[in-house]
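Letter by letter, the chains look like this.
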Amino acid sequence: MSAVPAHTDAVPAHPDTVPARADWRDTLREATDLALLGFAVALAALPVLTLAPAVATASAALHDRSVTGAWPDARTSLTRFGRALPAGSAASAVALAAAALLAADLLALTTGRVPGGGPALALTAVVVAVLLVYAGLVAVAVGRTGGRGWRTAALEVARTCPQRPGTWAAASGVCALAVVLGVLVTPVAVPILGGYALAALHALDARHPVLAPDLS
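Computed from a prediction, not measured in an experiment: that's the story for all the values here.

Peer 1: Sorry if this is basic, but what is going on with the nonpolar core here?
Peer 2: For soluble globular proteins, nonpolar side chains are generally found buried alongside one another. Among the nonpolar cores identified, the biggest contains 16 residues, and Leu-137, Val-138, Val-142, Trp-150, Val-157 and Ala-171 are the most heavily contacted of them. Sorting the residues of this core by element identifies helix 2 (51–68), helix 4 (117–143), helix 5 (150–160), helix 6 (165–184) and helix 7 (190–207) as the ones contributing at least two each. A total of six residues in this core trace back to one element, the largest contributor, which is helix 4. Membership of the second largest hydrophobic core comes to nine residues, among which are Val-41, Ala-54, Ala-139 and Ala-199.

The structure is reproduced here in structure tokens:
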């Protein structure tokens, strides 16, 4: 008997295993989710002292999204927000007091009411930029622990960031771009930029992590 000739054309055994390519609808959905996240943070931060708990909850949601591929449900986010209120309110008070002092310093320098001129103004601007980046990285570290541990996260970021100047430089670029765009766009779009900026910091942390505290 003659042998049955084998087929020479290779056919994929499992054609369904080829990963689907993301299209514009996935990009639009992601952009919409981040915009809604930014508006949710803005609404939750309206009482002012709830700013830090709102950012912590949003950061935890972004961490869940990056790890599991899905956003946490509303009940989980509300639980995290309530749990973050005591320590987060204190963190908000500290951050707002520092922001008020720096704003008063910048105003006094720009109007010439205190000496120092350009060099003092530039130094103050650098301090503001450093503190903004530091706060962003602390928010990311808090998000990695479910929205808890502001004090431990602040100490951890302060310890590890000097050892990772590349991470600090990249985070500075993200924050600088967000500030520039925030000045250019209409005020109603500022919360959207906040959601995008926090997501960009999480993406940066995923590639060059700033160690989060272990709260277990």
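Peer 1: Would you explain the confidence of the model for the protein in this entry?
Peer 2: Reading fine detail from the predicted coordinates is not recommended where pLDDT is low. Averaged over all residues, the pLDDT of the protein equals 83, while 86% of them reach at least 70. Highest mean pLDDT in the protein belongs to helix 2 (93); lowest belongs to helix 4 (86). Between residues 1–19, whose pLDDT stays under 50, and residues either more than four places distant or in other chains, the model counts zero contacts. Segment residues 212–216: pLDDT under 50, and 13 contacts once partners within four positions in sequence are set aside and those in other chains are kept.

Peer 1: Would you explain the packing of helix 1 (residues 24–44) against helix 7 in this entry?
Peer 2: Angle between the axes and distance between the axes are the two parameters that describe a pair of packed helices. Axis separation between helix 1 and helix 7 bottoms out at 7 Å; the angle between their running directions is 115°. When the interaxial angle is binned, helix 1 and helix 7 end up roughly perpendicular. With respect to the hand of their crossing, helix 1 and helix 7 are arranged in right-handed fashion. Residue-level inspection shows Ala-31, Leu-34, Ala-35, Gly-38, Phe-39 and Ala-42 of helix 1 in contact with helix 7, the latter providing Pro-191, Ile-192, Gly-195, Tyr-196 and Ala-199. Per-class residue counts for the contact of helix 1 with helix 7 are nine nonpolar, two polar and no charged.

Reading the values: the criteria
Residues numbered from 1 in each chain as written. Predicted model: local features only at pLDDT ≥ 70, side-chain atom pairs only at ≥ 80, totals over all residues. Heavy atoms only, no water. Core = buried A, V, L, I, M, F, W, Y, C linked by side-chain atoms within 4.5 Å. Buried < 20%, exposed > 50% of the residue type's maximum accessible area, 1.4 Å probe, protein only. Helix = DSSP H or I, 4+ residues; strand = E, 2+ residues; numbered from the N terminus. pLDDT = per-residue confidence, 0-100. Contact = heavy atoms within 4.5 Å. Axes fitted to C-alpha atoms, helices over the stretch in contact; angles between N-to-C directions. Parallel < 35°, antiparallel > 145°, perpendicular 65-115°, else oblique. Left-handed = near helix turned anticlockwise from the far one by under 90°. Nonpolar A, V, L, I, M, F, W, Y, C, P; charged D, E, K, R; others polar.

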